[in-house]
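The lines below spell out each chain.
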Amino acid sequence: MRKITLALSAACLLFTLNSSVVARASTPSPIYPGTNVARLAEQAPIHWVSVAQIENSLLGRPPMAVGFDIDDTVLFSSPGFWRGQKTFSPDSQAYLKDPAFWEKMNNGWDAFSIPKEVAKALITMHVKRGDSIYFVTGRSQTKTETVSKTLQDDFLIPAVNMNPVIFAGDKEGQNTKTQWLQEKNMKMFYGDSDNDITAAREVGIRGIRILRASNSTYRPLPMAGAFGEEVIVNSEY
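Residues numbered from 1 in each chain as written. Predicted model: local features only at pLDDT ≥ 70, side-chain atom pairs only at ≥ 80, totals over all residues. Heavy atoms only, no water.

J.: Is there a simple way to think about the sheet that holds strand β2 (residues 65-68) in this case?
T.: Strands pair in a sheet through their backbones, by hydrogen bonds, and they do so in one of two ways: parallel or antiparallel. Strand order in this open sheet of seven strands is β1-β9-β8-β7-β2-β5-β6, and the pairing throughout is parallel. Looking along the sheet, the strands with just one partner apiece sit at the ends: β1 (47-49) and β6 (166-167). Pairing of β1 with strand β9 (residues 230-232), which is carried by three bridges, proceeds in the parallel orientation. Paired with histidine 47 across the two strands is glutamate 230, which belongs to β9. (Pairing = 2+ DSSP bridges. Helix = DSSP H or I, 4+ residues; strand = E, 2+ residues; numbered from the N terminus.)

J.: What is the right way to read the pattern of salt bridges from this model?
T.: Side chains that differ in sign of charge can pair as their charged atoms come close. Scanning the model with the defined rule gives 13 salt bridges in all. Among the salt bridges present, the one from arginine 139 reaches aspartate 110, with a minimum N-O distance of 2.8 Å. On the criterion of sequence distance, the pair formed by arginine 139 in the loop between β5 (132-137) and α7 (147-154) and aspartate 110 in the loop between α5 (99-105) and β4 (114-115) is long-range, its members being 29 residues apart. What makes arginine 139 buried here is its relative accessible area of 1%. Residue aspartate 110 is classed as buried on the basis of its relative accessible area of 3%. Across the salt bridge formed by aspartate 192 and arginine 212, the nearest N and O atoms sit 2.7 Å from each other. Taken as a pair, aspartate 192 in the loop between β7 (186-191) and α9 (194-202) and arginine 212 in the loop between β8 (206-209) and β9 lie far apart in primary sequence, 20 residues in all. The same class applies to aspartate 192 and to arginine 212, which are both buried. (Salt bridge = Lys/Arg side-chain N within 4 Å of Asp/Glu carboxyl O. Buried < 20%, exposed > 50% of the residue type's maximum accessible area, 1.4 Å probe, protein only.)

J.: What is the right way to look at the pairing of β2 in this model?
T.: Each regular strand displays side chains that alternate between the two surfaces of the sheet. Of the two faces of β2, the one holding Ala65 and Gly67 and the one holding Val66 and Phe68 are both buried throughout. Of the pairings in the sheet, the one linking β2 to β5 comprises four bridges and is parallel in character. Paired with valine 66 across the bridge in β5 is isoleucine 133. Taken together, the four bridges between β2 and β7 define a ladder with parallel strand orientation. The partner of glycine 67 across the bridge, within β7, is phenylalanine 189.

Dropping the structure here:
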């Protein structure tokens, strides 16, 4: 009788173990990474500002010259750059050194660029103040350009506030925007890249970061706020 009892106990134990193994084997692996409250609440220590706060900081100050970068700052121009790479150098960034690309980009392809909402708000605010608006871009200069008219039309800039686009170029190892910020006596400069912020700092003016859209063709995305500069909230579009 004792042997029968032991045999039954062993059989039950074996069945239980096998059932556990089968249950574990049939349980699917998690397909969602999940999150937690700590991750959701995590914020980078950045000096965030709004357009309204910038406007408030300028109260009482006389009209001034202010500058804007173009690509990924006032225009989402990736469509033109995407087309340029596909047309002139599908497997490399060589198109950025090709004058034929810049002739296209500076003479019509900005018709496919999307004006950023943050730029509309900023430019409207500066026009209301009577400020002189400059656009300083790292694009290569071409014999003709329609970028100035496109920007003036997109952002409804009166002729009295508008200045022709400055094509500073993009020389390796040299921030050519710096000389233009100084020469035109600009007091503020908005940009999405590190070079925009460092150019402003080199001449001792206020540099404010605008976020580059995450689907921009210009990679890698810069680390906004890395220099302790002001970063405009919700400025990726």
